[in-house]
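Coordinate inspection notes
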Amino acid sequence: SGNFAQGVSISSCPPADVSFNHVDSNLIGTDVSGMLALGNRHDGVYIGEAAHDNFIRHNVISANDTDGVSIVGYVDAHVQWYTHSNHVVGNLIGLAADGNTPLPNGRHGVCIGMYGSIWLLGFAPSNDVSINHIAYNGGNGVVVWEHPLNQNNADKNRISSNSMYANRRLGIDLDDNGISINDPGDLDA
């Protein structure tokens, strides 16, 4: 905690086979008691640059300046790196270690496809966000953003069995643009 950038970073640039890492039972963004803020200057946990099959579980991830957990791929004019099949399971995100006291992250609890407020990269499909308590964060509980380059680079993300409440915005926001109205089945995409 208290780092200049992320608390934990699982990535490789250029991308390599960064996989099967386990971040388990840590205090990320709090002091040693888990009750007081000692946030990292950016994300609590960052997973990017084609990292896959990593496990973030049973942690307290709170009081970080931007997102609790950020899962993001990479895209530019020449490459697309998919960050996929990562698991964020059983964490307290935006809460202190007691599971009740608010210790919000500055932006979203879990952010898929975005790194902070300016790096909109997408390319993060098939990740799992399950059985977490996500509360009191400055943005959404979970946000999923897809890069407009194609219509499947952030598909098949599973958001299941979480307890999300008291986040400043929505519990789940697709595309980070507020409420998405159901499409009545017309001919557009």
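The notes below deal with the structure included here. No experiment lies behind these values; they were computed from the predicted model shown.

Structural notes on unusual backbone geometry
If you check the backbone angles, Ser25 has positive phi at about 65° while not being a glycine. Tracing the backbone shows Ser25 in the loop between β2 (22-24) and β3 (27-28). Given a relative accessible area of 53%, Ser25 falls into the exposed group.

A few points about the nonpolar core
Here is a general trend for soluble globular proteins: nonpolar side chains tend to be buried in one another's company. One finds Ile56, Val69, Val88 and Val110 to be the most contacted residues of the largest nonpolar core, which totals 21 residues. Where this core is concerned, the elements lending two or more residues are β4 (45-48), β7 (69-72), β12 (110-112) and β17 (142-144). With near-sequence residues (within four places) excluded, Val69 lies in contact with Val45, Ile61, Val88, Ile93, Gly109, Val110 and Cys111. Tyr46, Val72, Leu121 and Phe123 belong to the second largest nonpolar core, which has five residues in total.

Here we look at the sheet that holds β7
Strand order in this open sheet of six strands is β1-β4-β7-β12-β17-β20, and the pairing throughout is parallel. The outermost strands of the open sheet, each flanked by one partner alone, are β1 (8-10) and β20 (172-174). When the angles between neighbouring strand axes are averaged without regard to direction, this sheet yields 10°. The pairing of β12 with β17 spans three bridges and is parallel. When the bridges of β17 are listed, Val110 appears paired with Val142.

Concerning the pairing of β7
The side chains of a regular strand alternate, residue by residue, between the two faces of the sheet. Covered by surrounding structure in β7 are Val69 and Ile71 together with Ser70 and Val72, the residues of both alternating faces. With four bridges joining them, β4 and β7 adopt parallel strand pairing. Bridge pairing in β7 links Tyr46 to Ser70. As paired elements, β7 and β12 share three bridges and run parallel to each other. For Val69, the partnering residue across the bridge sits in β12 and is Val110.

Conventions adopted
- Residues numbered from 1 in each chain as written.
- Predicted model: local features only at pLDDT ≥ 70, side-chain atom pairs only at ≥ 80, totals over all residues.
- Heavy atoms only, no water.
- Helix = DSSP H or I, 4+ residues; strand = E, 2+ residues; numbered from the N terminus.
- Buried < 20%, exposed > 50% of the residue type's maximum accessible area, 1.4 Å probe, protein only.
- Core = buried A, V, L, I, M, F, W, Y, C linked by side-chain atoms within 4.5 Å.
- Contact = heavy atoms within 4.5 Å.
- Pairing = 2+ DSSP bridges.
- Axes fitted to C-alpha atoms, helices over the stretch in contact; angles between N-to-C directions.

Bear in mind that shape data such as this cannot, by itself, settle questions of function.
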